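Coordinate inspection notes
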Amino acid sequence: MYNTALGRKPNHEMPAIHDVFKSPDGKITVLQNDLCAGISPEYYAASVIYSEPPWHSGYDKFAKNTIADGTSYRQYIDGFERLIRVMALPALLVCGKSDLKQYCPSDAINITFIATDTCSAKLLVYNPVLLPFDYKELDGKTSKEVCEIISAKCKCVLDPSCGYGNVVRNNGADYVLSDIDTDCLLWLRKEYANGLCQARG
């Protein structure tokens, strides 16, 4: 979602989505929510948080291309940390090395994480003792591998900055997918219109 929004022209005329979509099999919940504004009630179904938030270097452009226009990166990060604190869940946030100082990970463990084949990043692990597995299993894993692990071992995964739902795996977990980008949410609603197992891929 983040990279897609960076390359897209702003479309501020696209209306907000006010209803909550639930797939027929109950595995996928999709909704629009701005982390800077608060926590959606649907979030409380989750047992773990996973997200790949926008990076600081591109946030202003990202915000202008979505309904986040007018918010600062600091407000966005504050929203994430408020979410983790209030919900008191284990949380896994992908963070660029240069962005570590933007967070306040005094209560988090940062471990080596390979976001792609060409880009090293950090995975901030908040409340690791609450995970149903040893967080050290995630050390050195790719984003795909991390998503496979948490989807297999956690009951319900919340991604509050979900984009096109890269976190979703068909191996056990339910998902609460939230974003501020209307384009992404409309795509997700179409993708999971017939349920997780019937998704196009």
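Rules of the game
- Residues numbered from 1 in each chain as written.
- Predicted model: local features only at pLDDT ≥ 70, side-chain atom pairs only at ≥ 80, totals over all residues.
- Heavy atoms only, no water.
- Salt bridge = Lys/Arg side-chain N within 4 Å of Asp/Glu carboxyl O.
- Helix = DSSP H or I, 4+ residues; strand = E, 2+ residues; numbered from the N terminus.
- Buried < 20%, exposed > 50% of the residue type's maximum accessible area, 1.4 Å probe, protein only.
- pLDDT = per-residue confidence, 0-100.
- Contact = heavy atoms within 4.5 Å.
- Core = buried A, V, L, I, M, F, W, Y, C linked by side-chain atoms within 4.5 Å.
- Pairing = 2+ DSSP bridges.

A few points about the pattern of salt bridges
- Under the definition given, this model contains 6 salt bridges.
- We note a salt bridge from D78 to R74, for which the minimum N-O separation is 3.0 Å. Separated by 4 residues within a single helix, D78 and R74 lie in helix α3 (residues 73-87), roughly one turn from each other.
- Residue classification places D78 among the partly exposed residues on the basis of a relative accessible area of 35%.
- Among the residues examined, R74 registers a relative accessible area of 32% and is labelled partly exposed.
- Note that E81 is salt-bridged to R74, the shortest N-O span being 4.0 Å.
- Its relative accessible area of 12% is what places E81 among the buried residues.

Focus on unusual backbone geometry
- Despite not being glycine, A88 has its phi angle at roughly 55°, a positive value.
- Inspection of the secondary structure assignment puts A88 in the loop between α3 and β4 (91-95).

Some thoughts on the confidence of the model for the chain
- Per-residue pLDDT for the chain has a mean of 82; in total, 79% of the residues score no lower than 70.
- Per-element mean pLDDT across the chain ranges from 45 in helix α1 (residues 2-6) up to 98 in strand β7 (residues 156-159).
- Contacts from residues 1-8, a stretch scored under 50 in pLDDT, to residues over four places away or in other chains number 26 contacts.

So, the nonpolar core
- In terms of nonpolar packing, the biggest core is built from 31 residues, with Y50, L92, V167 and L177 touching the most fellow members.
- The element best represented in this core is helix α4 (residues 143-153), accounting for 4 residues.
- If sequence neighbours within four positions are ignored, V167 has contacts with Y50, C147, I150, S151, V157, D159, Y175 and L177.
- Of all hydrophobic cores here, the second largest spans 23 residues; its members include A46, L83, M87 and C95.

Here we look at the pairing of strand β8 (residues 174-179)
- Most of β8 is tucked away: 5 of the 6 residues are buried.
- Sheet analysis places strand β2 (residues 28-32) next to β8, joined by 5 bridges and oriented parallel. Residue pairing across strands places Q32 opposite D179, the latter belonging to β8.
- Inspection of the sheet shows β7 paired to β8 by 4 bridges, in the parallel sense. Bridge pairing in β8 places D159 opposite L177.

Section: the environment of W55
- Tracing the backbone shows W55 in the loop between β3 (48-51) and α2 (59-64).
- By relative accessible area, which is 26% here, W55 ends up partly exposed.
- Remark: the alpha-carbon pair of W55 and Q102, spanning 47 residues in sequence, is separated by 9.8 Å.

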